[in-house]
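# What the coordinates show
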Amino acid sequence: MNFFRLVILSFTVFPCTLFAQHASIDKKVDSLLSLMTLEEKVGQLNQLSSDFAVTGPITKDGDKQDRVRQGKIGSYLNVTGAARTRSLQEIAMQSRLRIPLLFAQDVIHGYRTIFPIPLAEAASWDLSAMEQTARIAAVEAAASGIHWTFAPMVDIARDPRWGRVMEGAGEDSYLGSSIAAARVKGFQGKGIGNIDAVMACAKHFAAYGAAEGGRDYNSVDMSVRKLYEVYLPPFKAAKEAGVASFMNSFNDLNGIPATGSSFLQRKLLKGDWNFNGIVVSDWGSVGEMVNHGFATDLKDAALKAMAAGSDMDMESRAYVAHLADLVKEKKIDILLINDAVKRVLYKKFELGLFEDPYRFSDEKREQAVWNNPAHVQVAREMARKSIVLLKNEKLPALNQAVLPLSSSANKKIALIGPLVKAIGENNGFWSYAWPDDSSRVVSLWQGVINKLGNASSLIYAKGCEITGADTSGFAAARKTAALADILIVSVGELATMSGEAKSRSQLQLPGVQEQLVKEMVATGKPVVVLISAGRPLVFNWIADHVPAIVYTWWLGTQAGNAIADVLFGDYNPSGKLPITFPRSEGQIPIYYNYLSTGRPFKSDTDNTYVTAYKDLPNSPRYVFGHGLSYTTFQYGALQVNTSTISKDQPLQVSITVTNTGNTAGDEVVQLYLQDVVSSIVRPVRELKAFEKISLKPGQSKVVHFTLEPSAFSYYNDSLALIAEPGLFHIYIGGDSQATQKASVTLL
Ligand code: BGC
């Protein structure tokens, strides 16, 4: 068979096979459905948690196993390990129709091997690396019998007071959409049904990241246009990447709880987007509609959630208690229930659970994949890529930048601070505390020892705790510092200070940590500050006075090794901020792609009668896209292939980037677009493309971007995606302040 024929065949045969596969599953679903009682149907829509590792209140309600036997539970979350998932599945096999359970889990940034928190990974801007960590997380979880992860969280977050910024990809819709697709692909691998794939879940639908005041679970009020433009794109990208499920959210959106929103779930998701997977409620969010004052009681909540398109009820027990009655009372059409049940059964068939309900719960495979050294290596690589070098000044005394340090310079290094020897903390929120974490997770202390070969040139003082007012450790820290040539100070949040229900109104370093840094700077020794956190913190004194600052977020299992790689120059940092760092909480919400105003801000020193604060500069502390390297990059002139384009014509853009330093390095080349005049006020600029490139010292590369017509379009007032004729400016550079510019007119 010649090549041409092969290509034709693959185009014709494959969709047919796929179609046949869908049709045959549909048939099986229909025939099973026809055998089910109403109660059994409702059981499939009931998801309960096992009684450990939970994120919400649990109703202790007797023997859940018996309910499984009666077919009253369709899915479980929080069941860890192949042995446990298998034994529960055995009970499901005792039910009348032997419908297997779906096991779900929050596998957010790794399962057994813990990768950096999602916000940290986003700082790598490395889509294939993020796909790979999601892949490994899926491989490890699937072997434990997990079929479904509640990830990725794709909520755009522009408010670092909100603790859940750590779970997403930051503030930008374009970057967020690219990452959402990469993560879905990673979790789902070659497709649902493969033994190493788990169903992904795009959450929280929708606009949860815009909770008023950055307070978790709070209301969201925004124009539908803004919803379409800023908050929905990552969900759409997840859908287009084939995501198997969506989770709705706790917040109300413009007065309607998302769980009870037909607009979100029926019109948009299942209608306009034609999504045919499962929509699961968030934990207890069906029942919480009573607290919202949107439903009179649990029964009314069940009615409203089902009518609005929530297929599965996580932990409210509203469906299992009331849906059958609601059908009998003719308040809910059985067709709605059937549709929801079909979505669940379809996935169970697709996963292959009817052929072998235990196929995922495999203790042998679990052990093998859990102990795969390649996973640990990927964790280290991902952690290095996630680190952001915020500042690295040349010190006159050293006649060079503080970083990287030399591992052979025979200098005494003092490691100071409450996070130096921390172990479990490195895993961050939404991870599992495994019993052997103390030997698996690499602390900063251990990482530096591993790098240097021994601890002979290292000294240590804790200085203080992360929280609290106790400064009694400062004296010992000063003494230790006096013996050293260089001080590395490791400070930050507790891992449990960011994550769900972890909103903070003050974003400074907790406790007396900033004071500790001041004490260390007062010694006159060169200081490097490492900041570990799940969100942007506010640390102005440090930013002004410390010559080298490294943002390490929470990096997971390999944190210490990865940080040591960066400190000693075995890895040249390449991370770029996926979220703006404010100078003060008073600037929040703060993001780079704000709308043009009638009185634009001029400069931090000239702020009369323009949009500005009297007591604060407008500029953030660190802009979106910022991140330094141990080398320098120079951007040449920006080239466009034409100065006028028609509506359906892509634009070719290119720029030459040169590594002008002495070290090989990676650079994230970022392209921003400004629509200068339009019928709706547009952002000052928006990210539309990026590429991460590697350059050797002295090497140049021409980076090409193709801007498709969609890049020039936006949602108008009638929610139509349009591109308007007129002038567009294009900027390219290494952060959101990029200055290399070209213009093009859309005809
Ligand atoms: C969170 C979800 C999570 C669920 C299950 C909820 O509290 O909002 O993101 O998936 O709990 O743990």
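Residues numbered from 1 in each chain as written. Predicted model: local features only at pLDDT ≥ 70, side-chain atom pairs only at ≥ 80, totals over all residues. Heavy atoms only, no water.

### Some remarks on the domain arrangement of the protein
- The domains assigned to the protein are domain 1 (37–367), domain 2 (388–574) and domain 3 (633–746).
- Between the C-alpha centres of domain 1 and domain 3 the distance comes to 36 Å.
- Of the residues lining the interface, 12 residues belong to domain 1; the matching set on domain 3 comes to 18 residues.
- With both chains or domains summed, domain 1 and domain 3 bury close to 1,200 Å², and 68% of this area falls on carbon and sulfur atoms.
- On the domain 1 side of the interface with domain 3, the three residues burying the most area are Trp125, Tyr174 and Arg225, jointly 56% of the side's total.
- For the pair domain 1 and domain 3, the interface holds one salt bridge.
- For Arg682, the salt bridge identified is with Glu229, shortest N-O distance 3.0 Å.
- Those elements that place two or more of their residues in the side of domain 1 that touches domain 3 are helix H7 (173–188) and helix H8 (224–231). (Domains from an automatic or database assignment. Contact = heavy atoms within 4.5 Å. Buried area = accessible area lost by both parts, 1.4 Å probe. Salt bridge = Lys/Arg side-chain N within 4 Å of Asp/Glu carboxyl O. Helix = DSSP H or I, 4+ residues; strand = E, 2+ residues; numbered from the N terminus.)

### Details of the site of the ligand
- The ligand sits among 13 residues. The nearest are Asp106, Arg164, His204, Asp282 and Glu500.
- Between the ligand and the protein, one listed contact pairs an oxygen atom with a side-chain N or O atom of Lys203 at 2.8 Å.
- Out of a free accessible area of 310 Å², the ligand has 100% covered by protein chains.
- Along the lines of polarity and charge, the residues of the shell around the ligand split into six nonpolar, two polar and five charged. (Near = heavy atom within 4 Å. Polar contact = N/O pair within 3.5 Å; in protein donor to acceptor, adjacent residues only side chain to side chain. Areas by Shrake-Rupley, 256 points an atom, 1.4 Å probe, with all protein chains shown as cover. Nonpolar A, V, L, I, M, F, W, Y, C, P; charged D, E, K, R; others polar.)

### Section: a nonpolar patch on the surface
- Judged by side-chain polarity, Val676, Val677 and Leu727 come together as a nonpolar surface patch covering roughly 240 Å² of accessible area.
- With respect to the helices and strands, Leu727 occurs in strand E28 (residues 726–733).
- Owing to a relative accessible area of 35%, Leu727 belongs among the partly exposed residues under this scheme. (Patch = residues over 30% accessible without salt bridge, like charges linked within 9 Å, V, L, I, M, F, W, Y side chains within 5 Å. Buried < 20%, exposed > 50% of the residue type's maximum accessible area, 1.4 Å probe, protein only.)

### Focus: empty space enclosed by the protein
- Taken as a whole, this structure holds five cavities of 30 Å³ or more when the rule is applied.
- The space that makes up the largest cavity amounts to roughly 120 Å³.
- Along the walls of the largest cavity sit 17 residues, with Ile108, His109, Glu121, Arg183 and Phe187 positioned nearest its centre.
- At the level of secondary structure, the elements contributing two or more residues to the lining of the largest cavity comprise helix H5 (118–122), helix H6 (127–142) and H7. (1 Å grid on protein atoms, 1.4 Å probe; cavity = no way out; pocket = protein on both sides within 12 Å on 5 of 7 lines; lining within 4 Å. Points joined across faces, edges and corners; volume = space filled by probe spheres on them.)

### Things to note about H6
- Counted at 1.5 Å a residue, the expected span for H6 with its 16 residues is 22 Å, and the 22 Å between its end C-alpha atoms agrees.
- Most of H6 is tucked away: 12 of the 16 residues are buried.
- Three or more residues of H6 are buried, namely Ala129, Met130, Thr133, Ala134, Arg135, Ile136, Ala137, Ala138, Val139, Glu140, Ala141 and Ala142.
- For H6, the secondary structure elements touched by its buried residues are H5, H7, helix H15 (363–370) and helix H16 (373–386). (Expected span 1.5 Å × (residues − 1).)

### Notes on the sheet that holds strand E11 (residues 388–392)
- What the six strands build is an open sheet, ordered E11-E18-E17-E16-E14-E15; its pairing is mixed. Looking along the sheet, the strands with just one partner apiece sit at the ends: E11 and strand E15 (458–461). Between one strand and the next, the sheet's axes are offset by a mean angle of 20 degrees, whatever the strand orientation.
- Across four bridges, the pairing between strand E14 (residues 413–416) and E15 is parallel. (Pairing = 2+ DSSP bridges. Axes fitted to C-alpha atoms, helices over the stretch in contact; angles between N-to-C directions.)

### Describing the sheet that holds strand E1 (residues 46–49)
- Overall, parallel pairing links the five strands, which are arranged E4-E3-E2-E1-E10 in an open sheet. Lying at the two open borders of the sheet, with one neighbouring strand each, are strand E4 (148–149) and strand E10 (313–314).
- Sheet topology note: the strand E2 (residues 75–77)/strand E3 (residues 102–105) ladder contains three bridges and is parallel. Note on E3: the bridge partner recorded for Leu77 is Ala104.

### Topic: the packing of H6 against H7
- Two elements in contact, H6 and H7, have axes whose closest approach is 7 Å; the angle formed by their N-to-C orientations is 35 degrees. Along this stretch, H6 crosses H7, giving a crossing that reads as right-handed. In this structure, H6 uses Leu127, Met130, Glu131, Ala134, Arg135, Ala137 and Ala138 to contact H7, whose residues at the interface are Ser178, Ile179, Ala182, Arg183, Lys185, Gly186, Phe187 and Gln188. (Left-handed = near helix turned anticlockwise from the far one by under 90°.)

### Describing the confidence of the model for the protein
- Chain-level pLDDT for the protein is 95 on average; 96% of the residues reach the 70-or-more range.
- Of all the helices and strands in the protein, helix H1 (residues 3–35) carries the lowest mean pLDDT, 68, while strand E9 (residues 278–280) carries the highest, 99.
- Under a pLDDT of 50 for its full length, residues 1–14 has, in the predicted model, four contacts with residues more than four places off or in other chains. (pLDDT = per-residue confidence, 0-100.)

### Regarding helix H20 (residues 513–522)
- Every buried residue belonging to H20 is among Gln513, Leu516, Val517 and Met520, and all of these are buried. Across the axial projection of H20, the buried residues extend over an arc of 100 degrees, all falling on one side.
- Packed against the buried residues of H20 are E14, helix H19 (474–482), strand E16 (486–492), strand E17 (527–532) and helix H21 (540–545).
- Gly524 occupies a position one or two residues after H20 and carries a positive phi of about 85 degrees. (Arc of directions from axis to C-beta.)

### Some words on unusual backbone geometry
- The linkage connecting Lys203 with the following residue, His204, adopts the cis geometry, with an omega of 0 degrees.
- Mapped onto the elements, His204 comes out in strand E5 (residues 201–205).
- At the junction of Phe205 and Ala206, the peptide bond is cis and its omega measures out at 10 degrees in the coordinates.
- For Ala206, the position within the fold is in the loop between E5 and H8.
- The phi dihedral of Lys330 falls on the positive side, at around 65 degrees, and the residue is not glycine.
- Looking at the element boundaries, Lys330 is found in the loop between helix H13 (318–328) and helix H14 (334–350).
- With phi around 45 degrees, Trp553 is a residue other than glycine that occupies positive phi space.
- For Trp553, the position within the fold is in the loop between strand E18 (548–551) and helix H22 (559–567).

### A word on the pattern of salt bridges
- Inspection of the entire model under this criterion finds 37 salt bridges.
- Through salt bridges with shared partners, a single ionic network connects Arg380, Arg384, Lys451, Asp565 and Asp570.

### Side note on the nonpolar core
- In this structure, Trp148, Phe205, Leu323, Phe539, Tyr551 and Trp553 are the most contacted members of the largest nonpolar core, which totals 149 residues.
- Counting residues per element, this core draws most heavily on H14, which supplies seven residues.
- When residues of this core are sorted by domain, at least three fall in each of domain 1 (37–367) and domain 2 (388–574).
- Here Trp553 is in contact with Ile117, Leu119, Ala120, Ala123, Ser386, Val388, Ile531, Ser532, Ala533, Leu577, Pro578 and Phe581, once residues within four sequence places are set aside.
- Residues Ala383, Leu405, Leu458 and Leu567 belong to the second largest nonpolar core, which totals 32 residues. (Core = buried A, V, L, I, M, F, W, Y, C linked by side-chain atoms within 4.5 Å.)

### Some details on the packing of H6 against H16
- Interhelical geometry of H6 versus H16 gives an angle of 145 degrees and a closest axis separation of 10 Å. Considering how the two elements wind past one another, H6 and H16 form a crossing that is left-handed. Residues Ala129, Met130, Gln132, Thr133, Ile136, Val139 and Glu140 of H6 touch H16, and the partners they reach there are His375, Val378, Met382 and Lys385.
- The residue inventory of the contact of H6 with H16, partitioned by class, reads six nonpolar, three polar and two charged.

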